[in-house]
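Chain by chain, the residues run as shown.
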Amino acid sequence: MPKFQRIKGTHDILPQDARKWRYVEGVVQEVMQRYNFDEIRTPIFEETALFARGIGQLTDIVSKEMYTFLDRGKKSLTLKPEGTAPVIRAFIEHSLGEKKPVHKLYYISPMFRQENPQAGRLRQFHQFGAELVGSAAPEADVETIALAVDIYEQLGLKKYTLKINSVGDATCRAPYKERLKDYLRPRLDKLCRSCQERFDKNPLRILDCKEEGCRAETAEAPLIIDHLCEDCHAHFEAVKSLLSRLGIAFEVDHRLVRGLDYYTRTAFEILSGALGAQNALGGGGRYDLLAEELGGKPTPSVGFAAGIERLLMVLEKENLLSDFDSGPDVFIATLGEEARRWAVQTARQLRQRGLRVDYDFLGRSLKAQMKEANRSGARFALIVGENELQARKVVLRNLSSSEQETVAIDSLVGELEARLGKPG
Ligand code: HAM
């Protein structure tokens, strides 16, 4: 029989890694709470049209990366490739804007994109993200940037770069696009194939191309920063000045254009040198027109999302994920039938007191059980045989110091709790 294997571009998160995931997710949740962001959970799949409208029909994500399928009712559904459009869909559907003017929402969720898998680029990956919905103020941009930065800081990450740009708004982007196209038109045949396709669809992304040839051709291209309208310019200046006030280091990158169409004004990315080609730890920006695009009222908003796999790669490289291999509090090792039954009962009793307890399921010898107790990383072993049961006593062995003592069964719970530093 052929063995089943996981789908290319997906990962199993095995127990020792799952502990690291839980730690990272715990830090994310804690910092989100400090910033008073509330969790939102949206479904894994949505109507395909939500993403086509929200992210943009011509983006790479929508045009070639979505996992789209027809359900039995012939409705086109898509596994979510990102979290912003679903959050805004939920915001509109539940009329959240009528309950209070500003909503601060966060999520941790798997996302799906059919990309070519490589280090840091998966088909099922996980993001944590935050959306500040309902404010046009530059403070809101800075709130989400500071939030992202503080999550990385809390995890001990020091080496990363924050890049920011403004991509303008409905007023200034259209005329700028025309200027850029005028500049690029005579150079079109020197650009890479992807950029030639981008020329009509999304010429701004040509500035973001990593190909040497394209970079050379666009070296002197007009930049949006020199063509921002007054409001966009003032907004960008305010964001930069607030970031400086917070002591958050940033680089302005006038070529930074993100791969989703909904951005207006601020766009940002957080990059890590410890990642290879896929160096973006996270990214985000303002998307003031998205709510209207999705059928809601005008709702200026800003947010970011960050990849958890990439973050774990960097934390691992920088040795910031040391020891998460903790074992049970107690392993019960037994000799004889009666003692085995006692173990089943005592394990449950101790677990009900909140202790982490395990015992043998294979009928192994006492020696083999002690080996297993050590391998499991347990702090204590309880050693019990028929004689001990008759005397209502057990042997308690500290597995790190190898010290042993005899403890009365009637006071076992209290004795264990005292040694484990747990409240009785
Ligand atoms: P994004 O830049 O497409 O933005 O994704 C954010 C982050 O998700 C990336 O920086 C990267 O760390 C991670 N990521 C993306 N694709 C993959 C992949 N195939 N494999 C592994 N990691 C990946 C968004 O998704 C926007 N929704 C961000 C946002 C929120 N903008 C405003 N609000």
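Residues numbered from 1 in each chain as written. Predicted model: local features only at pLDDT ≥ 70, side-chain atom pairs only at ≥ 80, totals over all residues. Heavy atoms only, no water.

### Examining the overall build of the protein
Secondary structure assignment for the protein yields 16 helices and 16 strands. Since a compact globule built from 424 residues should have a radius of gyration of about 22 Å, the 28 Å found for the protein marks it as more spread out than a globular shape. Considered along the principal axes of its C-alpha atoms, the protein spans approximately 95 × 55 × 45 Å. Evaluated residue by residue, the protein yields a buried proportion of 50% over its 424 residues. (Helix = DSSP H or I, 4+ residues; strand = E, 2+ residues; numbered from the N terminus. Rg over C-alpha atoms; globule rule 2.2 N^0.38 Å. Buried < 20%, exposed > 50% of the residue type's maximum accessible area, 1.4 Å probe, protein only.)

### A few points about the pattern of salt bridges
Within this structure, the stated rule accounts for 33 salt bridges. Of the charged contacts in the structure, one is a salt bridge between Arg41 and Glu39, with a shortest N-O distance of 2.9 Å. Judged by its relative accessible area of 70%, Arg41 falls in the exposed class. Among the salt bridges present, the one from Arg341 reaches Glu338, with a minimum N-O distance of 3.5 Å. (Salt bridge = Lys/Arg side-chain N within 4 Å of Asp/Glu carboxyl O.)

### A word on the pairing of strand E5 (residues 103-112)
By the criterion of burial, E5 is predominantly enclosed, with 7 of the 10 residues buried. Bridge count for strand E1 (residues 38-39) against E5 is 2 bridges, and the pairing is parallel. Across the sheet, the residue bridging to Asp38 is Leu105, located in E5. Note that E5 and strand E6 (residues 124-133) share 10 bridges and pair antiparallel. What sits directly across from Tyr106, in E6, is Ala130. (Pairing = 2+ DSSP bridges.)

### Here's the deal with unusual backbone geometry
Positive phi is not limited to glycine here, since Lys74 has a value of about 65°. Among the structural elements, Lys74 can be located in the loop between strand E3 (68-70) and strand E4 (76-79). Despite not being glycine, Ser402 has its phi angle at roughly 65°, a positive value. When you line up the elements, Ser402 lands in the loop between strand E15 (393-398) and strand E16 (404-408). Accessibility expressed as a relative area gives 41% for Ser402, which makes it partly exposed.

### A few points about the site of the ligand
Looking at the ligand, there are 26 residues lining it, with Glu82, Glu115, Glu131, Arg258 and Tyr263 nearest. A distance of 2.7 Å is found between a nitrogen atom of the ligand and a side-chain nitrogen or oxygen belonging to Glu82. Here Leu281 contributes a backbone N or O atom positioned 2.9 Å from an oxygen atom of the ligand. Across the complex, the protein chains shield 96% of the 660 Å² of accessible surface that the ligand would expose by itself. Elements supplying a minimum of two residues to the shell around the ligand: E6, strand E10 (280-286) and strand E11 (301-307). Considering every element that reaches the shell around the ligand, the biggest residue donor is E10, with 6 residues. (Near = heavy atom within 4 Å. Polar contact = N/O pair within 3.5 Å; in protein donor to acceptor, adjacent residues only side chain to side chain. Areas by Shrake-Rupley, 256 points an atom, 1.4 Å probe, with all protein chains shown as cover.)

### A few points about the sheet that holds E4
Reading across from one edge, E2-E4-E3 is the order of the 3 strands in this open sheet, with antiparallel pairing throughout. Because the sheet does not close on itself, it has two edges, and the strands there are strand E2 (45-47) and E3. Neighbouring strand axes in the sheet, compared pairwise and without regard to direction, differ in orientation by 35° on average. Helix H2 (residues 48-55) contacts E2, E3 and E4 of the sheet and is inclined by roughly 80° relative to E2. (Axes fitted to C-alpha atoms, helices over the stretch in contact; angles between N-to-C directions. Contact = heavy atoms within 4.5 Å.)

### Digging into the sheet that holds E11
In spatial order, the strands read E1-E5-E6-E11-E10-E9-E7-E8; together these 8 strands make up an open sheet with mixed pairing. The open sheet has two edge strands, E1 and strand E8 (251-252), and neither has a second partner. Strands in contact with helix H6 (residues 138-154) are E5, E6, strand E7 (161-166), strand E9 (264-271), E10 and E11; relative to E11, the strand with the most contacts, it is inclined by about 20°.

### Topic: the packing of aromatic side chains
In this structure the tally under the stated criterion is 7 aromatic pairs. Each member of the aromatic cluster is reached from another via a ring pair, and the members are Phe128, Tyr152, Tyr160 and Phe304. Arg187 extends its terminal NZ or CZ atom over the ring of Tyr183, reaching a point 3.8 Å from the ring centre. (Phe/Tyr/Trp six-rings, centres within 6.5 Å; stacked < 30°, edge-to-face > 60°. Lys NZ or Arg CZ within 6 Å of the ring centre and 35° of its normal.)

### A closer look at the pairing of E10
Across the 7 residues that make up E10, a large majority, 6, are buried. In the sheet, E9 pairs with E10 via 6 bridges, with the strands oriented antiparallel. Paired with Ile270 across the two strands is Gly282, which belongs to E10. In the sheet, E10 pairs with E11 via 5 bridges, with the strands oriented antiparallel. Bridging from a neighbouring strand, Gly283 pairs with Ala305 of E11.

### Description of the domain arrangement of the protein
You can read the domains of the protein as domain 1 (15-169 + 229-317) and domain 2 (330-420). One C-alpha centre belongs to domain 1, the other to domain 2, and the line joining them spans 49 Å. (Domains from an automatic or database assignment.)

### Looking at helix H13 (residues 337-352)
Compared with the 22 Å implied by 1.5 Å per residue over 16 residues, the 23 Å span of H13 between its first and last C-alpha is a close match. All of the buried residues in H13 are Ala339, Trp342, Ala343, Thr346, Ala347 and Leu350. One face of H13 carries all of its buried residues, which in axial projection span an arc of 140°. Residues of H13 that are exposed and point more than 90 degrees away from the buried face comprise Gln345, Arg348 and Gln352. Against strand E12 (330-334), strand E13 (357-359), strand E14 (380-384), helix H15 (386-391), E15 and helix H16 (412-420) lie the buried residues of H13. After H13 finishes, the residue Gly354 shows a positive phi value of roughly 100°. (Expected span 1.5 Å × (residues − 1). Arc of directions from axis to C-beta.)

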